[in-house]
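Coordinate analysis (summary)
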Amino acid sequence: MKLLIHGGFFSEFSQSNEIKLAKQQAMERIAKSAFEFLKTHTALETVVYAVEQLEDDPLFNAGIGSQIQSDGIIRMSASLMDGNSKKFSGVINIQKVKNPIRVAEHLMKVDDRVLGGEGANGYAAVNGFDSFSTEIPERRAEYERKLASLGTGTVGCIALDSNGKLAAATSTGGKGFEIPGRISDSATVAGNYANADCAVSCTGVGEDIVSAAVASKIVTRVTDGFSIEESFGRTFNELAEFDGFAGAIGLDKSGNMFWQESHPKIVFAAFDGEEFTVFQ
Ligand code: GLY
C-alpha cells in the first residue's frame, strides 16, 4: 500500500512561514490519517477520503478556502478516476457545496459522469448536498487586492491499495480571478488520470496542464513501458517547451512513487506506512 497527497503550489495567502508550517503539518496529519483509512478501504474510497480532508482545510485552495473568480463568485472543480474500472467522474465550476469531490464520487454511479455549472449545482442540490459557502476572509482580501497569484493550489491524492488497485482524485478552487466559465484541468484527464498501471494528480496552471496533457501522458507512457521517472521526465520536458507551470505526483502499480514540478513551490507529502516525507 502506498499513498501520496499534494496541496498545490503556495499562493500569496500561503507565503508566510507560519502558513507554510501549518500546511506541512496539515499534510502530515492528512497523509497519515488517509493511510490508516487505506488499510481497510479501497484506493478509490481512500483518495476521496483524503481529498475531502484537504477540501475541508482552509489552508488549501479547494473546497473551503477556494479562490474567488473575477465576478466575485467561487466555482470549484473536482474529479475522481478509478484505475481499475477506468471510470472518470467530475464536476466543473460547481458552486456552494462543501466537498466537490463527494459530488464527483456520487457521479461515479450514473451514466453522465461529468457535469458542469448549473447542471452540477442542480445535481448536488437534488442529491442531498447542502448549500455551503466555501469562502474565507483571506481569499476575499486576496480577491479585493486583485492579486492573481500564479499557480495557486489544488489538492490531490493517489493511492495503491492492498489489492494492487490504483485511484486518483483532484480538487481545486481554480486559479483565482478567472473569467466565469473558464474550465480547470482538475476535472479533466489532463489533471487527474489513472489506469491499472499508474495514477497521477496535477496542480499548477490549468491551461498549461491541459496543453501538455500531463496526467494522461504520464500514465500512458508508464503503460507503454517507460519507468515512472522517464514518463515524468518526457512529459515535463514537453511542458518546458512552452514554460508551462505545473507539478504532479505519480504512483505506479509496483508502488514506485514519483513527483516533479516545473517551479519549486509545490507542497507534497508521501506516506507508505513507515516513512513520511513532506517537502515543498
Ligand atoms: N490547476 C487548477 C486550475 O488551474 O484550475
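What you see is a predicted model; the values in this text were computed from it and never measured.

With respect to the site of the ligand
Contacts to the ligand come from T154, T172, G174, K175, R182, S184, D185, S186, G204, V205 and G206. In this structure, an oxygen atom belonging to the ligand sits 2.7 Å away from a side-chain N or O atom of R182. D185 places a polar side-chain atom, nitrogen or oxygen, 2.7 Å from a nitrogen atom of the ligand. Relative to its free-state accessible area of 200 Å², the ligand is covered by the protein chains to the extent of 99%.

Some words on helix 1 (residues 17-38)
Every α-helix winds through 3.6 residues per turn, so residues three or four apart in the chain are directed the same way. Over its 22 residues, helix 1 extends 31 Å from the first C-alpha to the last, a length consistent with the 32 Å expected when each residue adds 1.5 Å. Listing the buried residues of helix 1 in full gives I19, K20, K23, A26, M27, I30, A31, A34, F35, F37 and L38. Projection of helix 1 onto a plane perpendicular to its axis shows the buried side chains occupying an angular sector of 160°, all on one side. Among the exposed residues of helix 1, those oriented more than 90 degrees off its buried face are N17 and E18.

Remarks on the sheet that holds strand 7 (residues 192-194)
Ordered by their spatial adjacency, four strands build an open sheet running 7-8-9-10, and the pairing between neighbours is antiparallel. Strands at the two margins of the open sheet, each flanked by one partner only, are strand 7 and strand 10 (257-261). With strand direction ignored, the average angle separating the axes of adjacent strands in the sheet is 10°. For strand 7 and strand 8 (residues 198-204), the ladder comprises three bridges, and the chain directions are antiparallel.

Conventions we followed
Residues numbered from 1 in each chain as written. Predicted model: local features only at pLDDT ≥ 70, side-chain atom pairs only at ≥ 80, totals over all residues. Heavy atoms only, no water. Near = heavy atom within 4 Å. Polar contact = N/O pair within 3.5 Å; in protein donor to acceptor, adjacent residues only side chain to side chain. Areas by Shrake-Rupley, 256 points an atom, 1.4 Å probe, with all protein chains shown as cover. Helix = DSSP H or I, 4+ residues; strand = E, 2+ residues; numbered from the N terminus. Expected span 1.5 Å × (residues − 1). Buried < 20%, exposed > 50% of the residue type's maximum accessible area, 1.4 Å probe, protein only. Arc of directions from axis to C-beta. Pairing = 2+ DSSP bridges. Axes fitted to C-alpha atoms, helices over the stretch in contact; angles between N-to-C directions.

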